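# Geometric and topological summary
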Amino acid sequence: MSNLNRSSRKIHIGSLIIGGDSPVAVQSMAATQTQNLDETARQIEILEEAGADIIRIAVDNEADVVALETLRKKFPKPIFSVDLQENYRLAPKVAPLVNKIRYNPGHLYHLDKNKSILEKVQFIVEAANSFNCAIRIGVNCGSIDPEYKEKFIEDQIEGMVRCAVDHCKILDDLSFTNYCVSLKDSDFDKVIDANRRFAKERPDVPLHLGVTEAGLPPEGVIKTRIAFEQLISAGIGDTIRVSLTLPNEQKGQEISVGRGILKDIEQGRFRSVPKNFLDGINIIACPSCSRVENDKFVDLAQEVREITKYAESHKITIAVMGCRVNGPGETDDADLGLWCGPSKVNLKKGTEALGAYSYDDILSRLKIELDLIISARNSQERSVRE
Ligand code: SF4
């Protein structure tokens, strides 16, 4: 679909142009470990067949770069974006292999603590410039730069927006303009708020939209649709990703669902949000990626929804995450959080860790905690009435 209301500038990602009146591009990410060449190649085939405009691949170490090189030889045509995760130093090695580099400002502090953020961004920009790559400044609620998190403790959305705006300024000052920004959260209201605030301040910068960890379909689709309907119809958003928790073979759905939402918006078909949607239990689950620690993750997310159906009228959020990297932080705001390790699942109540349980035991333990929350709330309500 054309995005005629947008005032963003156009940027080039390989042969793809986004921004301005260009069609909104639809992208997804390989959910496999990059070094597992057969499975990652299969993911690329699935996403290509589904019509992905951009395919994102994660790299975190030199072995991932070698794997990426092999994959690029096998797939010379697709537009590849690379997710630098915590290792910004890999930028010059991946830049010749891809069309766009995504860095997360919240992960730059991990390496080379003696270097400034400016030096690290400069390093990434030099690599992108040398190989004609675009850049995405990808700000994520679960990994906000600690400096901004602390400074904007009362308003985390403002922290995300300020961080994105400041990084845009760094790139502008370096005369690098071939970039876009994303501001993601698992809460669609926050995604709407953050992107509106950012677009008001920097309407010239193309935006990549997504509700991160939207979870299982159909709820994950509904959450994403709400955010996209509100933003894209207001002329905000130049590329999208629908992050769904799906088995790897079904990852093409992220593309077909995204195209379906865009088509509906273009044709004025806005789905009304089901009455009371998310007034009751809300299961958040990450879309899974190369970092998933155990293949049982998707089944676990589905089982969590099944076994919590009895509590669906209670306004309780349960977050299910696939790995130890983002799992601990991104479950903090949930009433109950689960994040997967190789052989155990870690359980949290808010920010408090409750322990690690086997994949066989976790569901019964979760139910105990859920019952405790419900009974505590019931007695609280009784005492207010009395
Ligand atoms: S929580 Fe971990 S496994 Fe899930 S998408 Fe995020 S990084 Fe990947």
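Our structure is the block above this text.
Only a predicted model underlies this, so the values are computations on that prediction, with no experimental measurement involved.

We now examine the site of the ligand. Around the ligand, the neighbouring residues are C286, P287, S288, C289, R291, V292, M321, G322, C323, V325, N326 and G327. Residue composition of the shell around the ligand, by class: seven nonpolar, four polar and one charged.

What follows covers the packing of helix α6 (residues 156–173) against helix α7 (residues 188–201). Closest axis-to-axis distance for the α6/α7 pair is 10 Å, and the angle between their directions is 40 degrees. Like other packed secondary-structure pairs, α6 and α7 cross with a definite hand, here right-handed. In this structure, α6 contributes I157, M160, V161, A164 and V165 to the contact, and α7 contributes K190, D193, A194, R197, F198 and E201. Taken together, the residues of the contact of α6 with α7 sort by class into seven nonpolar, no polar and four charged.

The next point concerns the sheet that holds strand β14 (residues 344–349). Strand order in the open sheet formed by five strands is β11-β12-β13-β14-β15, and the pairing between neighbours is mixed. The outermost strands of the open sheet, each flanked by one partner alone, are β11 (282–285) and β15 (352–358). Between one strand axis and the next, the sheet turns through 20 degrees on average, direction left out of account. As paired elements, β11 and strand β12 (residues 317–321) share four bridges and run parallel to each other. Among the inter-strand pairings, I284 is bridged to a residue of β12, identified as A319. Strands in contact with helix α10 (residues 297–307) are β11, β12, β13 (336–340) and β14; relative to β12, the strand with the most contacts, it is inclined by about 165 degrees.

Reading the values: the criteria
Residues numbered from 1 in each chain as written. Predicted model: local features only at pLDDT ≥ 70, side-chain atom pairs only at ≥ 80, totals over all residues. Near = placed C-beta within 6 Å. Nonpolar A, V, L, I, M, F, W, Y, C, P; charged D, E, K, R; others polar. Axes fitted to C-alpha atoms, helices over the stretch in contact; angles between N-to-C directions. Helix = DSSP H or I, 4+ residues; strand = E, 2+ residues; numbered from the N terminus. Left-handed = near helix turned anticlockwise from the far one by under 90°. Contact = placed C-beta atoms within 7 Å. Pairing = 2+ DSSP bridges.

Keep in mind that these numbers describe shape and distance, not what the molecule does.
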